[in-house]
Amino acid sequence: MAAGATAADALYAGDRSSSVQVRLGELEGVSRAEGEEIGLRLFVGQQSATVASSDLSEDGLAVLVERCLAMAREAPEDPYAGLAPEELLQRGDLPELEADDDRDPDPAELRARALEAETAAMAVQGVTNSSGAGASSSASTIALATSGGFSGAYRSSGHSGSATVVAGEGASMQRDHEWHSARHLEDLDSAADIGRRAGERAMSRLNPGRPKPGKYPVIFDPRVSSTLLGHFAGAISGSSVARKTSFLLDKLGEQVFATGVTVVDDPLRRRGLRSRPFDAEGVQVQRQELVSDGMLKSWIAESASARQLGIAPTGHAGRGVGGAPSATPTNLYFAAGSRSREELFGAFAEAVLVIELIGMGVNAVTGDYSRGAVGFMVRGGEIAEPVAEFTVAANLLDMFRTLEPASDLEFRRGVDAPTILIPEMTVGAA
């Protein structure tokens, strides 16, 4: 550790990625990137600074240390700054997460998958054009060492496929897409399935109308229902609570969701897209029920905001190589409910199904929610005509208190939710 520094940590990230894009059967782009970077955070008492560099030579690292120390000495004091408590650090063997399949497909394999996806999409009757299809693979290595006695590293891989197509002609054209990502190539949806779903989705959106303005039950499709968890995660982050900019301020230990609703964060899920054996401060991680039977049980906090709130860090620190840690969830999800998607569809004579959200009209302080939307009307338990150019509005506190998850939960992203029913929202013209 540099002379004059009182504590330090260093985060190393090494990455490689390959991708291929095709459009209308022709190769549009091939790319490959590889790199490694290190970020150093130094503390001088309650002053700190973080500096990153891709020069990992001995001389380059010496310059990195000197520069970081000089910046820390000029930084303002922060009474909450510091490393994570040593008693909370991950010790012993790291949990096995099956995060790396050690596959690095060559460009020919990626191109074949991209072409297969586009071909399947274009084969859907009524699809008239392609905006492109792609396939990619990646791998990353993360290593962290702290002057508090922690050192650890892990590796993860990623594979993905996508397709975007257009259905219809002229002013009535509609575009939609499909995308899937997995840690292991064997878990990735087939390219043909990805393409077919993209084509079918585009076709289903042709000739949309507008719903009559009013109060409706609104059903969030799994394509968009996870966004509700994004708003929830932001509201329970330690920094938001400490700054008093959260609509869930003072709700800890209270009933926030309906009875029976559970929200889980599980960093140890095998092959999970956000799984990790320790957080960005070296703190031990574990599966946590953030909401149990509708009751808010915990904030998520890295060390700095935890000290400000007077709680222990929760193992949710995330960090880019060149930045300070902040609280972020891992594999976050609504637990599945008891009723099926079809039962939620049939619970009301008429409802609005939302498949796409537009804009960011959400107030994190008050919870006021208003977003543009695209979807379908649901009548008599069946999906009816497509609708577009409308808004759905309510307050997140009311939405959380009344929402009901369906039983169709699938783990396909880092943040997952099943179909979600909200019994009443205001639907208006966009």
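Residues numbered from 1 in each chain as written. Predicted model: local features only at pLDDT ≥ 70, side-chain atom pairs only at ≥ 80, totals over all residues. Heavy atoms only, no water.

Trainee: Describe helix 3 (residues 191–204), listing the residues and the values that go with them.
Mentor: In a regular helix each residue adds 1.5 Å, so 14 residues correspond to 20 Å; helix 3 covers 20 Å between its end C-alpha atoms and thus fits that length. Among all positions of helix 3, only Ala 191, Ile 194, Gly 195, Arg 197, Ala 198, Gly 199 and Ala 202 are buried. Tucked inside the fold, the buried residues of helix 3 contact helix 2 (107–122), strand 4 (127–146), strand 5 (151–167) and strand 6 (174–182). (Helix = DSSP H or I, 4+ residues; strand = E, 2+ residues; numbered from the N terminus. Expected span 1.5 Å × (residues − 1). Buried < 20%, exposed > 50% of the residue type's maximum accessible area, 1.4 Å probe, protein only. Contact = heavy atoms within 4.5 Å.)

Trainee: Please provide a residue-by-residue account of the pattern of salt bridges, values included.
Mentor: Side chains that differ in charge, positive against negative, can pair when their charged atoms come close. Within the structure shown, the criterion is met by 29 salt bridges. A salt bridge links Arg 41 to Asp 9, with the nearest nitrogen and oxygen atoms 2.7 Å apart. Of this pair, Arg 41 sits in strand 2 (residues 26–44) while Asp 9 sits in strand 1 (residues 7–23), placing them 32 residues apart in sequence. Using a relative accessible area of 2% as the deciding quantity, one classes Asp 9 as buried. Here Arg 223 ties to Asp 176 by a salt bridge, and the two come within 2.7 Å at their closest N and O atoms. Taken together, the positions of Arg 223 in helix 4 (residues 222–236) and Asp 176 in strand 6 put the pair 47 residues apart, joining distant regions of the chain. (Salt bridge = Lys/Arg side-chain N within 4 Å of Asp/Glu carboxyl O.)

Trainee: Could you give an account of the nonpolar core, naming the residues involved and the relevant values?
Mentor: By size, the foremost hydrophobic cluster in this structure holds 45 residues, and its most contacted members are Phe 220, Phe 232, Phe 257 and Val 392. It is helix 4 that contributes the most residues to this core, seven residues altogether. Ignoring any residue separated from it by four or fewer positions in sequence, one finds Val 392 in contact with Val 218, Val 354, Leu 357, Tyr 369, Ser 370, Arg 371, Ala 373, Met 425, Thr 426 and Val 427. (Core = buried A, V, L, I, M, F, W, Y, C linked by side-chain atoms within 4.5 Å.)

Trainee: Please set out the sheet that holds strand 8 (residues 263–265) residue by residue, giving values where relevant.
Mentor: Across the sheet, which stays open at both edges, the five strands sit in the order 10-9-8-13-18 with mixed pairing between neighbours. The open sheet has two edge strands, strand 10 (295–296) and strand 18 (415–416), and neither has a second partner. Note: strand 13 (residues 332–334) against strand 18, two bridges, orientation parallel. Bridging across to strand 18, Tyr 333 finds its partner in Asp 416. (Pairing = 2+ DSSP bridges.)

Trainee: Could you give an account of the packing of helix 2 against helix 3, naming the residues involved and the relevant values?
Mentor: How two helices sit against one another is set out by the angle between their axes and by the gap between those axes. For the pair helix 2 and helix 3, interaxial distance at closest approach is 7 Å and the crossing angle is 35 degrees. Crossing geometry of helix 2 relative to helix 3 is assigned as right-handed. Note on element contacts: helix 3 touches helix 2 through Ala 191, Ala 192, Gly 195, Arg 196 and Gly 199, opposite Arg 113, Glu 116, Ala 117, Ala 120 and Ala 121. Per-class residue counts for the contact of helix 2 with helix 3 are five nonpolar, two polar and three charged. (Axes fitted to C-alpha atoms, helices over the stretch in contact; angles between N-to-C directions. Left-handed = near helix turned anticlockwise from the far one by under 90°. Nonpolar A, V, L, I, M, F, W, Y, C, P; charged D, E, K, R; others polar.)

Trainee: An account of unusual backbone geometry is needed here, citing residue identities and associated values.
Mentor: Look at Asp 102: it is not a glycine, yet its phi comes out positive at around 60 degrees. Here Asp 102 lies in the loop between helix 1 (58–74) and helix 2. Residue Arg 271 is not a glycine yet carries a positive backbone phi of 65 degrees. Examined against the element boundaries, Arg 271 turns out to sit in the loop between strand 8 and strand 9 (288–292). By relative accessible area, which is 25% here, Arg 271 ends up partly exposed.

Trainee: Please provide a residue-by-residue account of the side chain of Ser 298, values included.
Mentor: Here Ser 298 is to be found in the loop between strand 10 and helix 6 (303–309). Leave out the neighbours within four places in its chain, and Ser 298 touches Ile 236, Leu 252, Gln 288, Leu 290 and Thr 314.

Trainee: Could you give an account of the pairing of strand 1, with specific residues and numbers?
Mentor: The pairing of strand 1 with strand 2 spans 17 bridges and is classified as antiparallel. Along strand 2, the bridge assignment pairs Ser 18 with Arg 32. In this antiparallel pair of consecutive strands, strand 1 and strand 2, the connection spans two residues, and Leu 24 shows a positive phi of 55 degrees. Of the strand pairs in this sheet, strand 1 and strand 4 are connected by 14 bridges, and their pairing is antiparallel.

Trainee: I'd like a rundown of the sheet that holds strand 1, residues and numbers included.
Mentor: The strand order across the open sheet formed by six strands is 3-2-1-4-5-6, and the pairing between neighbours is antiparallel. A single partner strand is all that each edge strand has here, and the edge strands are strand 3 (47–53) and strand 6. Going across the sheet, the axis of each strand differs from the next one's by a mean of 20 degrees, ignoring polarity. Alignment of strand 5 against strand 6, held across nine bridges, turns out to be antiparallel. In the strand pairing of strand 6, Gly 161 is matched with His 180.

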